[in-house]
Amino acid sequence: MSMRALIALVLGLFSGLVFSQTYPSRPLKMIVPFPPAGATDIVGRIVAQKLSERLGQPVVVENRPGAGGSLGSDLAAKSAPDGYTILMATSSTHSIGPVLQKLPYDPIKDFAPITHVANVPNVLVVSPKLPVNNLSDLVKLARSQPGKLNYASAGVGSITQLNVEKLKLIAKLDIVHVPYKGTQLSIPDLASGNVALLFDSLASALPNIKSGNARPIALNAPKRSAL
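From a predicted model like this one, the values you see are computed outputs, not experimental measurements.

### Considering the confidence of the model for the chain
Moving on, step 1. Of all residues in the chain, 91% have pLDDT values of 70 or greater, and the mean over the chain is 88.
Moving on, step 2. Note on residues 1-7: pLDDT is under 50 here. Beyond four places in sequence and across chains, it has 36 contacts.

### Some details on the pattern of salt bridges
Moving on, step 1. Following the criterion strictly, the structure yields seven salt bridges and no others.
Moving on, step 2. For Asp 74, the salt bridge goes to Lys 78, with nearest N and O atoms at 2.4 Å.
Moving on, step 3. Accessibility expressed as a relative area gives 16% for Asp 74, which makes it buried.

### Let's talk about the sheet that holds strand S10 (residues 215-219)
Moving on, step 1. The five strands are arranged S8-S7-S9-S6-S10 in an open sheet whose pairing can be described as mixed. Looking at strand neighbours, the two that pair on one side only are strand S8 (176-179) and S10, the edges of this open sheet. In this sheet, neighbouring strand axes are inclined to one another by 30° on average, regardless of whether the strands run parallel or antiparallel.
Moving on, step 2. Across four bridges, the pairing between strand S6 (residues 122-126) and S10 is antiparallel. Paired with Val 125 across the strands is Pro 216, a residue of S10.
Moving on, step 3. Against the sheet, helix H4 (residues 135-144) engages S6, strand S9 (197-201) and S10, with an angle of about 55° to S6.
Moving on, step 4. The sheet contacts of helix H7 (residues 202-211) involve S6, S9 and S10, and relative to S9 the element is tilted by about 125°.

### Regarding helix H5 (residues 159-171)
Moving on, step 1. Over its 13 residues, H5 extends 18 Å from the first C-alpha to the last, a length consistent with the 18 Å expected when each residue adds 1.5 Å.
Moving on, step 2. All of the buried residues in H5 are Ile 159, Thr 160, Gln 161, Leu 162, Asn 163, Val 164, Leu 167, Lys 168 and Ala 171.
Moving on, step 3. Directly after H5, the chain includes Lys 172, whose backbone phi takes a positive value near 60°.

### Quick word on the packing of aromatic side chains
Moving on, step 1. Scanning the entire structure with this criterion turns up two aromatic pairs.
Moving on, step 2. Considering the side-chain rings of Tyr 23 and Tyr 84, the 5.1 Å spacing of their centres and the 70° angle between planes classify their relative orientation as edge-to-face. One end of the pair, Tyr 23, is in the loop between strand S1 (5-12) and strand S2 (28-32); the other, Tyr 84, is in the loop between helix H2 (70-77) and strand S4 (85-90), with 61 residues separating them in the sequence.
Moving on, step 3. By relative accessible area, Tyr 84 is classed as buried at 10%.
Moving on, step 4. Arranged with centres 5.8 Å apart and planes meeting at 85°, the rings of Tyr 105 and Phe 111 form a pair that is edge-to-face.
Moving on, step 5. For Tyr 105, a relative accessible area of 5% corresponds to the buried category.
Moving on, step 6. It is Arg 26 that lies over the ring of Tyr 84; its NZ or CZ is 3.7 Å from the centre.

### Looking at the nonpolar core
Moving on, step 1. Grouped together as the largest cluster of nonpolar side chains are 19 residues, with contacts concentrated most on Leu 130, Leu 138, Leu 149 and Leu 197.
Moving on, step 2. Among the secondary structure elements, those contributing two or more residues to this core are S6, H4, H5 and S9.
Moving on, step 3. Per-element tally for this core: the top contributor is H4, with four residues.
Moving on, step 4. Setting aside chain neighbours within four positions, we find Leu 130 in contact with Leu 138, Leu 141, Leu 149, Ala 196 and Arg 215.
Moving on, step 5. If you look at the next biggest cluster of nonpolar residues, it comprises twelve residues, including Ile 187, Leu 190, Leu 198 and Ala 205.

### Considerations on the pairing of S8
Moving on, step 1. Sheet topology places strand S7 (residues 150-153) next to S8; four bridges connect them, and they run parallel. Bridge pairing in S8 places Asn 150 opposite Val 176.
Moving on, step 2. In the classification by handedness, the crossover that spans S7, the intervening H5 and the parallel S8 is right-handed.

### Some points on the environment of Gly 147
Moving on, step 1. Here Gly 147 shows up in the loop between H4 and S7.
Moving on, step 2. In this structure, the C-alpha to C-alpha distance between Gly 147 and Ile 175, residues 28 residues apart in sequence, is 5.3 Å.
Moving on, step 3. Gly 147 has contacts with Asp 174 and Val 176, leaving out every residue within four places of it along the chain.

Cut-offs used in this document
Residues numbered from 1 in each chain as written. Predicted model: local features only at pLDDT ≥ 70, side-chain atom pairs only at ≥ 80, totals over all residues. Heavy atoms only, no water. pLDDT = per-residue confidence, 0-100. Contact = heavy atoms within 4.5 Å. Salt bridge = Lys/Arg side-chain N within 4 Å of Asp/Glu carboxyl O. Buried < 20%, exposed > 50% of the residue type's maximum accessible area, 1.4 Å probe, protein only. Pairing = 2+ DSSP bridges. Helix = DSSP H or I, 4+ residues; strand = E, 2+ residues; numbered from the N terminus. Axes fitted to C-alpha atoms, helices over the stretch in contact; angles between N-to-C directions. Expected span 1.5 Å × (residues − 1). Phe/Tyr/Trp six-rings, centres within 6.5 Å; stacked < 30°, edge-to-face > 60°. Lys NZ or Arg CZ within 6 Å of the ring centre and 35° of its normal. Core = buried A, V, L, I, M, F, W, Y, C linked by side-chain atoms within 4.5 Å. Right-handed = clockwise from strand over helix to strand, strands pointing away.

Right, here's the structure in full:
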């Protein structure tokens, strides 16, 4: 399993629609199926701004979080197939999710892919209240307290969940899953110690690392990040 978050841009299925030279003649909507300030939202807003400049029409970002990104994705799938609804899709919504759970949309038939946008490495962060400073410390603590530690994620099937599940499998750990609608919604609990750890994207974790709300201990990337 790739441990990088894969972000793709997906457009509502055209259903044979042929664009005239006036497209787009009105604002477009970009659905981000995760909360504000997360990696998908950050990348989505950058793309929306540049897309707006190129197309000459506003591209309005609409956050629709929940169920590991499937709620927003379903909304996009059921939108009018006129090319005016864009979905910022992720591995959670279009490759992992369909394998793990039954979704109300078909990730292939209900969408037309436009382009791959970015790969985002994930960083393992722990609560500043947790007495660990590296991955070895975390493994030792978790093994000494099976079932006592918990971790946050952006929902079942999200890369933020599967990263920790892979760590649990490799290191033989017993850590409890606590799903949220998005990783940013878990930060208050992480900072207070109610949540022990989180495997978040580097893009959304960085502000929380700098503020002291999260302590980074590992990065799932081929080399260390300059950040």
